[in-house]
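# Structural description and commentary
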Amino acid sequence: MNTKYLYINTIGCQMNVYDSEQMVRRLKPLGYEISPSMEAADLIIVNTCAIREKAEQKAFSFLGRLTALKRKKPELIICVGGCVAQQEGRMILERVHNVDLVFGTHALNRLPEHIRKISLKRCRISDVEMTKEIIEFPSEIKPGIEDGITRFVTIMRGCDNYCTYCVVPHVRGPEISRRPENVVNEIRELVEAGVKEVTLLGQNVNSYGIKEGLCSFPELLKFVNEIEGLLRIRFTTSHPKDLSEGLISAFAGLEKLCSHIHLPVQSGSNSVLKRMNRKYTRELYIDKIERLRKISPDLAITSDIIVGFPGETDEDFKATLDLVKEVEFDGLFTFGYSDRKNAPAAKFSDKVPDDKKNKRLQELLELQEYYTVKKNRALIGSTALILVEGFSKKQGDGDVQEGFTGVHWTGRTATNKIVNFVDENFLSGDTALIGKIINVKIEKAFSHSLLGKPVDLKGLPVGITGEESYAA
Ligand code: SAH
Ligand code: SF4
Ligand code: F3S
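So, a few notes on the structure that sits alongside this text. (Residues numbered from 1 in each chain as written. Chains lettered and ligands numbered in written order. Predicted model: local features only at pLDDT ≥ 70, side-chain atom pairs only at ≥ 80, totals over all residues. Heavy atoms only, no water.)

### Observations concerning the sheet that holds strand S14 (residues 331-336)
One open sheet accounts for three strands, arranged S12-S13-S14; its pairing is parallel. Every other strand in the sheet has two partners, leaving strand S12 (260-262) and S14 as the edge strands with one partner each. For this sheet, the mean angle separating the axes of adjacent strands, direction not counted, is 15°. Across three bridges, the pairing between S12 and strand S13 (residues 300-307) is parallel. Within the sheet, the bridge partner assigned to histidine 260 lies in S13 and is alanine 300. (Pairing = 2+ DSSP bridges. Helix = DSSP H or I, 4+ residues; strand = E, 2+ residues; numbered from the N terminus. Axes fitted to C-alpha atoms, helices over the stretch in contact; angles between N-to-C directions.)

Encoded structure:
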């Protein structure tokens with residue numbers, strides 16, 4: 001079989017990253033390998049996101065950039081997958097003449113058959129049919145290590161929560177969970193291929209398995225915790241209304257579960273939360289934070305906040321600022337509210353004008369910056385266990401700090417903070433440190449990362465496995 005080249009542009013959340021990986025695996029039997037460049041590709045897929053208007057625009061501007069490429073290479077196949085594909089369907093074929101295939105979020109299984117058809121007949125296809133079954137990996141194709149030692153694993157798809165601003169339930173369909181044994185087997189295969197950390201993905205992991213009568217999410221975590229060779233487990237996202245005592249206790253009981261939770265609050269105002277259909281109050285949210293911190297005092301907590309939701313008053317926004325001051329998040333993702341078709345809030349009155357939204361966003365960002373830096377600075381002088389992921393981007397770009405010369409590595413703490421560190425002795429010029437957990441002394445703190453030096457690296461990399469250093 002001739003090797004053909006595949007190029008995927010992934011926009012959006014981790015679920016799309018996982019789905020793009022599935023596409024690669026599914027297209028391998030057809031002879032497709034990852035392309036060294038976009039220009040060399042025989043097949044280009046853009047995996048799209050519809051969460052905000054900007055994300056949607058990104059997909060269309062990428063497609064626009066492909067016009068010249070297709071002119072030069074008419075046999076090039078261009079596909080649009082993911083959430084915008086699901087939302088717009090055939091309309092994309094009408095709007096963008098270069099597109100050969102539009103395939104929605106439930107059409108992953110059918111991707112190879114569509115590509116085969118298009119290669120033979122040069123037809124144009126739109127497939128946005130939704131299915132009730134959960135989509136599973138084709139088990140005959142084993143995962144590779146090429147994407148690094150950390151990996152996302154989707155444990156459930158869709159969402160039943162219908163927050164009024166959100167497009168996800170409309171483009172991903174109803175919530176459905178994968179069977180625990182399929183999740184565990186997939187992680188085992190990943191670990192065999194060299195993966196050391198997995199992030200379990202779901203829009204609301206707390207409701208994992210409930211509808212289908214499978215095991216609970218904390219039980220699934222326990223099964224994953226038992227997988228030999230796996231060093232770290234993360235998960236996202238947990239909905240505050242469903243954050244259970246079982247999950248809170250898991251932070252104390254499971255040694256591989258990282259001490260970080262992403263718990264999106266969206267707003268600090270009860271009236272906004274009500275209109276968002278979030279089904280919790282700020283008091284309940286703060287109560288859950290207190291419980292988490294009681295059981296796990298070092299737990300890092302991050303969140304999402306939407307600014308300028310329809311009808312958000314100055315008082316509502318102040319309530320959000322107050323909540324941020326009270327909780328002191330480790331990090332925050334802030335978004336300006338964006339109207340989404342199908343989402344009920346698009347029809348709400350009292351839209352907040354863009355300039356007000358931007359001013360509020362700026363104020364919130366500055367406030368959070370203060371807490372992020374404060375929390376990072378508090379770590380100076382301490383020693384943290386870092387899972388080494390690879391070489392730091394800073395390597396050789398002139399941004400290297402004084403007193404920090406050597407091989408620059410990057411990794412994360414269990415609390416999900418990025419730590420760049422230097423191996424002064426050039427012991428590890430090869431890749432031997434990747435996938436190991438090592439002790440790093442934190443010496444400098446910035447808003448997005450920490451800088452440190454390894455402790456006792458001399459013994460490494462020879463003879464010490466990641467597992468052993470984890471136990472140490
Ligand atoms: N299931 C997750 C969120 C997934 S979407 C949860 O409930 O927490 C990721 C984030 O995008 C959301 O937390 C929200 O902050 C933001 N978001 C979703 N829809 C949005 C919209 N219409 N405008 C602005 N931000 C939005
Ligand atoms: Fe969207 Fe709400 Fe579902 Fe999260 S829980 S995906 S915000 S509808
Ligand atoms: Fe975007 Fe779809 Fe994820 S809308 S955030 S890619 S679920």
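Right, picking up where we left off after that structure.
### Section: helix H8 (residues 180-192)
Between the first and last C-alpha of H8 there are 18 Å, a value that for 13 residues agrees with the 18 Å anticipated at 1.5 Å per step. Its buried side turned inward, H8 meets helix H1 (14-27), strand S7 (150-154), strand S10 (197-201) and helix H9 (217-225). After H8 finishes, the residue glycine 194 shows a positive phi value of roughly 115°. (Expected span 1.5 Å × (residues − 1). Contact = heavy atoms within 4.5 Å.)

### Topic: the sheet that holds strand S5 (residues 101-103)
In space, the six strands of this open sheet follow the order S2-S1-S3-S4-S5-S6, with parallel pairing throughout. In this open sheet, the two strands that pair with only one neighbour each are strand S2 (32-34) and strand S6 (125-127). Looking at each pair of strands side by side, their axes are set apart by 20° on average, direction ignored. One ladder, built from three bridges, connects strand S1 (residues 4-10) with S2; its direction is parallel. The residue bridging leucine 6 from the neighbouring strand is isoleucine 34, located in S2. Across the sheet, helix H2 (residues 53-65) touches S1, strand S3 (43-48) and strand S4 (77-81), and the angle it forms with S3 is around 165°. Seen against the sheet, helix H6 (residues 111-121) touches S2, S3, S4, S5 and S6 and runs at an angle of roughly 170° to S5.

### Focus on the packing of helix H10 (residues 245-253) against helix H12 (residues 282-295)
One way to put it is that H10 packs onto H12 with a least axis distance of 8 Å and a crossing angle of 30°. Judged on the interaxial angle alone, H12 and H10 are roughly parallel. Judged by the twist between their axes, the crossing of H10 over H12 is right-handed. Contact with H10, carried on its side by Glu245, Ile248, Ser249, Phe251 and Ala252, involves Arg291, Leu292 and Ile295 of H12 and no other residues of that element. Counted by class, the contact of H10 with H12 contains five nonpolar, one polar and two charged residues. (Parallel < 35°, antiparallel > 145°, perpendicular 65-115°, else oblique. Left-handed = near helix turned anticlockwise from the far one by under 90°. Nonpolar A, V, L, I, M, F, W, Y, C, P; charged D, E, K, R; others polar.)

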